[in-house]
Amino acid sequence: MSAVSFLSSRTRLAPEGIGKPVLRQEDSRLLTGGGCYSDDVNLPGQAYTCFVRSPHAHARIVRVDTAAALAAPGVIAVLTGRDAAADGVKPITHTPVPANPHEEVIRPRDVLFVAPHPPMPADRARFVGAIVAMVVADTPAAARDAAERVVVDWEPLPAVTGSLAAAAPDAPILWAEAKSNVCVDTKAGDPAAVERAFARAAHVVRFETWVQRVTGVPMEPRAAVGVWDAPSGRYTVHAGAGGLGRTQTGVAGALGVPESAVRVTAREVGGNFGTRNSCYAEFVLVAWAARRLGRPVKWTGERREAFMADYGGRDLAVRAELALDADGTFLGFRSANTSNVGAHAVSFNPLNKGMAIATTVYHVPAVSMHGRAVVTNTSPTTPYRSAGRPEVMFVIERLIDLAARRHGFDRVELRRRNLVPSSAMPYRNGFGVVYDSGDYRAALDRAVELADWAGFERRRAEARRRRRYRGIGVANYLELNTGFPRERAHITVRPEGWVELVLGTLSSGQGHATSFAQLLVGSDRRERHADRRLDAGGRAGRHRVFRTAVHGERYRPLGRPVPGGRRRGARGRAA
């Protein structure tokens, strides 16, 4: 039976179904001030906190003098790492080791050391922006003024910030408990097969690069309000976060309580999906301070704090090689990837996912990789956008362009020759990851056609006459969408004529209310949703789902009113 292209297999689409341009449904509410962002949450009797942060990348905390700050007007308390330790505050519970069996490259035995993450260390700061004290006052201004009066005696220590430098034998060691800064060391593929492939190759191209660290720069800086309810013994954290499940786990672990004793909520999130998805020290500290002081405690971050302390992304050093025969067929690929995870181990997933699909949409018979993660005197890194995938896509596509330029191959034809054919699906790459479907040649041909690749030289010549310079490039991208193995999706068809959808995910500006509605539209007898509510996310496996605020959308057939007109209270929780 001949293979059918996915791109040509769809015979019909709903008028407002997926892929059709429609007006976003959430914009009217957001543009008219109906949203509730992180700093919009205010509670009766709340106090305000400002954090004192380390100006050193690596330094011992000799003494924290809080006397002048305590004497400042409006100050309620000044807390330090010693206070937190005395109250039993533990390191944040992160889950850095990948747990998805469908994309396992880093295995537990490959993890040499997991650097802990105390929310407010008492002994030393390991990156610029680490919290060493917190001032709680009646107003934000009073807290900020008093924070400037906190005096810290520092003993600066040698620091290392680059991943390759941190892996060197003579690098300053961040953690005395570890023998080196290398915290993950793993190998994948078949090195012997790769050696044979390179030995018989007609062409070999090599490439070294550093995919630099990035910071999220969200539209709204992070904010949080911590609440302690003494009668029930429960904490509530109103967090400017996207990963409420991770925040719940992290806060509960640091405070030494069951996850059921921590409720984390969020409404709107002002941009930046990845940087917000892990638990932060500030979320733990406002909850702890609320319990200690007996009143809600609020923190609103400033942009300078975000640059210092928000988790970064990328920061991958790569050395890669690609072997080809005389006709341009790929024979082998090998790479050494070193990931900078910062001072504390929040996530090894970018390294893992990048290794899992390093050959992306191309068939390479022999592959091998050496992956390392290192700790450095920088803020932690986490999945930013498409954890680890854009970095390796850049590497393989750059290698292909180098091969085309140096050995006379056409860039498009070289890619087309080596794409995994649709007839090979399901396809298992050299690292063991299964691709269930895909017609990559059809996608490439469609892109080349839409870009008018053949007409580019004419456009380039015309631009040159106007003293303008044009360039053109092509690259393929593969997304790894397995994510956490289990997630909740609950659809209820109501007898009144509308459909309710509950999902374990939180929008940070992507337009979920619109796009998820389109997924449910099956014919022209449906129209877009009439209202919106937030409800509880699923809990389908410990540490494997986002237990987040989710969106319930309502739909009705054309011409039929939404019964009752009742609008449920908007709320999101992970409890």
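One can find the structure itself at the top, above this paragraph.
Please read all numbers here as calculations on a predicted model, not as lab measurements.

### Quick notes on the overall build of the chain
Then step 1. A tally of regular secondary structure across the chain gives 15 helices and 21 strands.
Then step 2. Within the chain, the proportion of its 575 residues that are buried is 53%.

### Looking at the sheet that holds strand E6 (residues 151–156)
Then step 1. Spatially, three strands are ordered E4-E2-E6 in an open sheet, and the strand pairing comes out antiparallel. Unpaired on one side and paired on the other, strand E4 (124–125) and E6 mark the two borders of the sheet.
Then step 2. Bridge count between strand E2 (residues 59–65) and E4: two bridges; the pairing is antiparallel. Bridged to Arg60 within E4 is Arg124.

### Considering the packing of helix H7 (residues 244–255) against helix H8 (residues 281–293)
Then step 1. It is the contact of H7 with H8, at a shortest axis distance of 9 Å, that shows an interaxial angle of 50°. One finds that H7 runs oblique with respect to H8. In the packing of H7 onto H8, the handedness of the crossing is right-handed. Contacts between H7 and H8 involve Thr247, Gly250, Val251, Ala254 and Leu255 on the former and, on the latter, Phe283, Val284, Ala287 and Trp288.
Then step 2. Among the residues making up the contact of H7 with H8, the classes are represented as seven nonpolar, two polar and no charged.

### Looking at the packing of aromatic side chains
Then step 1. For the structure shown, the criterion picks out eight aromatic pairs.
Then step 2. Aromatic pair Phe113 and Trp175: ring centres 6.2 Å apart, planes at 55°, arrangement tilted. Of this pair, Phe113 sits in the loop between helix H3 (81–86) and E4 while Trp175 sits in the loop between helix H5 (163–167) and strand E7 (182–189), placing them 62 residues apart in sequence. Summarising the burial analysis for this pair, Phe113 and Trp175 share the class buried.
Then step 3. An angle of 65° between the planes, with centres 5.9 Å apart, marks the rings of Phe330 and Tyr362 as edge-to-face. With Phe330 in strand E14 (residues 330–340) and Tyr362 in the loop between helix H10 (349–356) and strand E15 (366–374), the pair connects residues that are 32 residues apart, well separated along the chain.
Then step 4. Residue Phe330 is classed as buried on the basis of its relative accessible area, which comes to 1%.
Then step 5. Grouped by ring-pair contacts, the aromatic residues Tyr280, Phe283 and Tyr311 constitute a single cluster.
Then step 6. Arg126 extends its terminal NZ or CZ atom over the ring of Trp175, reaching a point 3.5 Å from the ring centre.

### Topic: the pattern of salt bridges
Where side chains of opposite charge bring their charged atoms close, a pairing between them can arise.
Then step 1. Taken as a whole and assessed by the stated rule, the structure comprises 30 salt bridges.
Then step 2. Measuring nitrogen to oxygen at the nearest pair gives 2.4 Å for the salt bridge that ties Arg206 to Glu321. Linking Arg206 in strand E8 (residues 203–215) with Glu321 in strand E13 (residues 312–324), this pair joins segments that are 115 residues apart in sequence.
Then step 3. Residue class for Glu321 comes out buried when judged on its relative accessible area of 15%.
Then step 4. Arg304 is the salt-bridge partner of Glu302, the closest N and O atoms lying 2.9 Å from each other.
Then step 5. What makes Arg304 partly exposed here is its relative accessible area of 48%.
Then step 6. Overlapping salt bridges bring together Arg53, Arg222, Glu282, Glu305 and Asp310 as one network.

### Quick word on the nonpolar core
Then step 1. Counting residues in hydrophobic clusters, the biggest one holds 69 residues, and the most contacted among them are Phe333 and Phe348.
Then step 2. In terms of residues, this core owes the most to one element, helix H11 (residues 389–407), which gives eight residues.
Then step 3. Judged by nonpolar contacts, the second largest core, of 41 residues, contains Ala77, Ala254, Phe283 and Ala290.

### Examining the pairing of strand E10 (residues 234–239)
Then step 1. Most of E10 is tucked away, with five of its six residues classed as buried.
Then step 2. Two strands pair when backbone bridges link them, and strand E9 (residues 223–229) and E10 are joined in this way by six bridges, in the antiparallel orientation. Each residue of the ladder has a partner; that of Val227, found in E10, is Thr236.
Then step 3. In sequence, E9 turns back onto E10 through a hairpin of four residues, with Gly233 there showing a positive phi of about 70°.
Then step 4. Looking at chain direction, E10 and strand E11 (residues 262–265) are connected through four bridges and run parallel. Across the sheet, the residue bridging to Tyr235 is Val262, located in E11.

### Brief notes about the packing of H11 against helix H12 (residues 411–418)
Then step 1. Look at H11 against H12: their axes get within 9 Å of each other, and the N-to-C directions meet at 120°. Taken as axis vectors, H11 and H12 run oblique relative to one another. At the point where H11 passes H12, the crossing takes the right-handed sense. Of the residues in H12, those touching H11 at Glu397, Ile400, Asp401, Ala403 and Ala404 are Arg411, Leu414 and Arg415.

### With respect to unusual backbone geometry
Then step 1. Between Met425 and the following residue, Pro426, the backbone shows a cis peptide bond with an omega angle of -5°.
Then step 2. Mapped onto the fold, Pro426 is located in the loop between H12 and strand E16 (427–428).
Then step 3. Notably, Thr360 is not glycine yet its phi reads approximately 50°, a positive angle.
Then step 4. Along the chain, the position of Thr360 falls in the loop between H10 and E15.
Then step 5. One non-glycine residue, Asp452, lies in the positive phi region at around 50°.
Then step 6. Relative accessible area serves as the criterion here: at 35%, Asp452 is assigned to the partly exposed category.

### Some points on H7
Then step 1. Helix length check: H7, at twelve residues, gives a terminal C-alpha distance of 16 Å against a target of 16 Å (1.5 Å per residue), a fit within 8%.
Then step 2. Most of H7 sits inside the fold, with ten of its twelve residues counted as buried.
Then step 3. Looking at the buried residues of H7, the elements they touch are E10, E11 and H8.
Then step 4. Downstream of H7 by one or two residues, Gly256 has phi in the positive range, about 70°.

### A short note on the sheet that holds strand E1 (residues 47–53)
Then step 1. Taken in spatial order, the seven strands line up as E3-E5-E1-E12-E9-E10-E11 in an open sheet, and their pairing is mixed. Every other strand in the sheet has two partners, leaving strand E3 (75–80) and E11 as the edge strands with one partner each. For this sheet, the mean angle separating the axes of adjacent strands, direction not counted, is 20°.
Then step 2. In the sheet, E9 pairs with strand E12 (residues 297–300) via four bridges, with the strands oriented antiparallel. Note that in E12 the partner of Ala223 across the bridge is Thr300.
Then step 3. Along the sheet, helix H4 (residues 140–147) contacts E1, E3 and strand E5 (131–137); its crossing angle with E1, the most-contacted strand, is approximately 25°.
Then step 4. Packing of H8 onto the sheet brings it into contact with E1, E3, E5, E9, E10 and E12, and relative to E9 it is tilted by some 35°.

Cut-offs and rules
Residues numbered from 1 in each chain as written. Predicted model: local features only at pLDDT ≥ 70, side-chain atom pairs only at ≥ 80, totals over all residues. Heavy atoms only, no water. Helix = DSSP H or I, 4+ residues; strand = E, 2+ residues; numbered from the N terminus. Buried < 20%, exposed > 50% of the residue type's maximum accessible area, 1.4 Å probe, protein only. Pairing = 2+ DSSP bridges. Axes fitted to C-alpha atoms, helices over the stretch in contact; angles between N-to-C directions. Parallel < 35°, antiparallel > 145°, perpendicular 65-115°, else oblique. Left-handed = near helix turned anticlockwise from the far one by under 90°. Contact = heavy atoms within 4.5 Å. Nonpolar A, V, L, I, M, F, W, Y, C, P; charged D, E, K, R; others polar. Phe/Tyr/Trp six-rings, centres within 6.5 Å; stacked < 30°, edge-to-face > 60°. Lys NZ or Arg CZ within 6 Å of the ring centre and 35° of its normal. Salt bridge = Lys/Arg side-chain N within 4 Å of Asp/Glu carboxyl O. Core = buried A, V, L, I, M, F, W, Y, C linked by side-chain atoms within 4.5 Å. Expected span 1.5 Å × (residues − 1).

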